[in-house]
Amino acid sequence: MTDSLDIIAACAFGLEAVVVRELTGLGYEAKPLSTGRVHFRAETAAVARANINLRTADRVLIRVGQFSAPDFEALFEGVKALPWERWIGPDMAFPVSGRSVKSQLSSVPACQRATKKAIVDRLMASHRVSTLPETGPKVAVEIALLDNTASLTIDTSGDGLHKRGYRPTVGEAALKETLAAGLVLLSAWRPDRPLVDPFCGTGTIAIEAAMIGRGIAPGLSRPFDAEAWPAITPGVWSEAREEARDGATGRLAFAIHASDVDERALSLARRHAAAAGV
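First, a word on what this report is: a plain description of the structure on this page. (Residues numbered from 1 in each chain as written. Predicted model: local features only at pLDDT ≥ 70, side-chain atom pairs only at ≥ 80, totals over all residues. Heavy atoms only, no water.)

Looking at the pattern of salt bridges
Next, step 1: Overall, the coordinates contain 15 salt bridges when judged by the stated rule.
Next, step 2: With a closest N to O distance of 2.7 Å, Asp155 and Arg59 form a salt bridge. With a gap of 96 residues between them, Asp155 in strand E7 (residues 149-155) and Arg59 in strand E4 (residues 57-68) connect regions that are remote in the sequence. (Salt bridge = Lys/Arg side-chain N within 4 Å of Asp/Glu carboxyl O. Helix = DSSP H or I, 4+ residues; strand = E, 2+ residues; numbered from the N terminus.)

If you want it as structure tokens, here you go:
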């Protein structure tokens, strides 16, 4: 599929400008949509590239549709009118989560039930089936209501993007990898300068800085939910990973020094650094 999609990079409050900068570096024209949401339009290949390369985003979502939903009838019909069969096959699982802010439809469980039923009706008619076993790959759906406007998104990432794969053991008061990367990118540090973290804990800031300095994409070593979706061809993911590997640079100009008074934390930091390849 080559037509452009509405894509949203979800992030922590305050990191929207950093996510915009990252997406600009990937070649996409992005702008903050709301608190913690950055929007851009791009082809399906961007789903893989964003998941693999974004350091400060928490998730990559596809917005399936948006419409006014002042009551349940409008919600149901609006959801049913969207092309769910494009993303959800007859055997795929599609759990529905929800949230509602300043909207007439304030009962989130009721909104989730109405959304689920509307998607079921659409899929059964489109796929010409009488049952939807939901035994296949997962497409997580969210219904978000704000000022009586419904936004329907699907989550392409699965586990949060902070789960890079190098930190299976989390220390006390550990910093999320996405936030650590955001702190590094917001700082005055650049890869051609020394960096010292004298209170490194389990090493997240130092490791993220080293990955940034060496151009190691954060999502290279982990899977994503959308990799199992027939709507996005496997070649898109392999090409995005190959591009990311080609973008990795060599050694840093200056060493990154990390220390801490807690030897147990340092032991984890050494293990995480080795797993991250830095």
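Some details on the environment of Ala30
Next, step 1: Mapped onto the elements of the fold, Ala30 is located in strand E2 (residues 30-34).
Next, step 2: Of the residues examined, Ala30 reaches a relative accessible area of 14% and is grouped as buried.
Next, step 3: The spacing of Ala30 and Val20 is 10 residues in sequence and 5.6 Å in space, taken between C-alpha atoms. (Buried < 20%, exposed > 50% of the residue type's maximum accessible area, 1.4 Å probe, protein only.)

Here we look at the nonpolar core
Next, step 1: In terms of nonpolar packing, the biggest core is built from 69 residues, with Leu23, Leu75, Trp84, Trp87 and Ile88 touching the most fellow members.
Next, step 2: When neighbours within four sequence positions are excluded, Leu75 is seen to be in contact with Phe67, Ala69, Leu105, Cys111, Ala114, Thr115, Ile143 and Ala150.
Next, step 3: Membership of the second largest hydrophobic core comes to 6 residues, among which are Tyr166, Ile207, Ile216 and Ala276. (Core = buried A, V, L, I, M, F, W, Y, C linked by side-chain atoms within 4.5 Å. Contact = heavy atoms within 4.5 Å.)

Brief notes about the pairing of E4
Next, step 1: Counting buried residues along E4, 9 of its 12 residues qualify, which places the element largely inside the surrounding structure.
Next, step 2: In terms of strand pairing, strand E1 (residues 5-11) meets E4 through 5 bridges, oriented antiparallel. Counted as the bridge partner of Ala9 is Val60 from E4.
Next, step 3: As judged from the 7 bridges shared by E4 and E7, these two strands associate in the antiparallel manner. Looking across to E7, one finds that Ile62 is bridged to Ile154. (Pairing = 2+ DSSP bridges.)

Overview of the sheet that holds E7
Next, step 1: With respect to topology, 7 strands assemble into an open sheet ordered E2-E3-E1-E4-E7-E6-E5, the strand pairing being mixed. Both outer strands of the open sheet, E2 and strand E5 (96-101), are each paired with one neighbouring strand and no more. Neighbour to neighbour, the strand axes of the sheet diverge by 30° on average, direction disregarded. (Axes fitted to C-alpha atoms, helices over the stretch in contact; angles between N-to-C directions.)

So, to be careful, I would describe these as geometric facts and stop short of saying anything about function.
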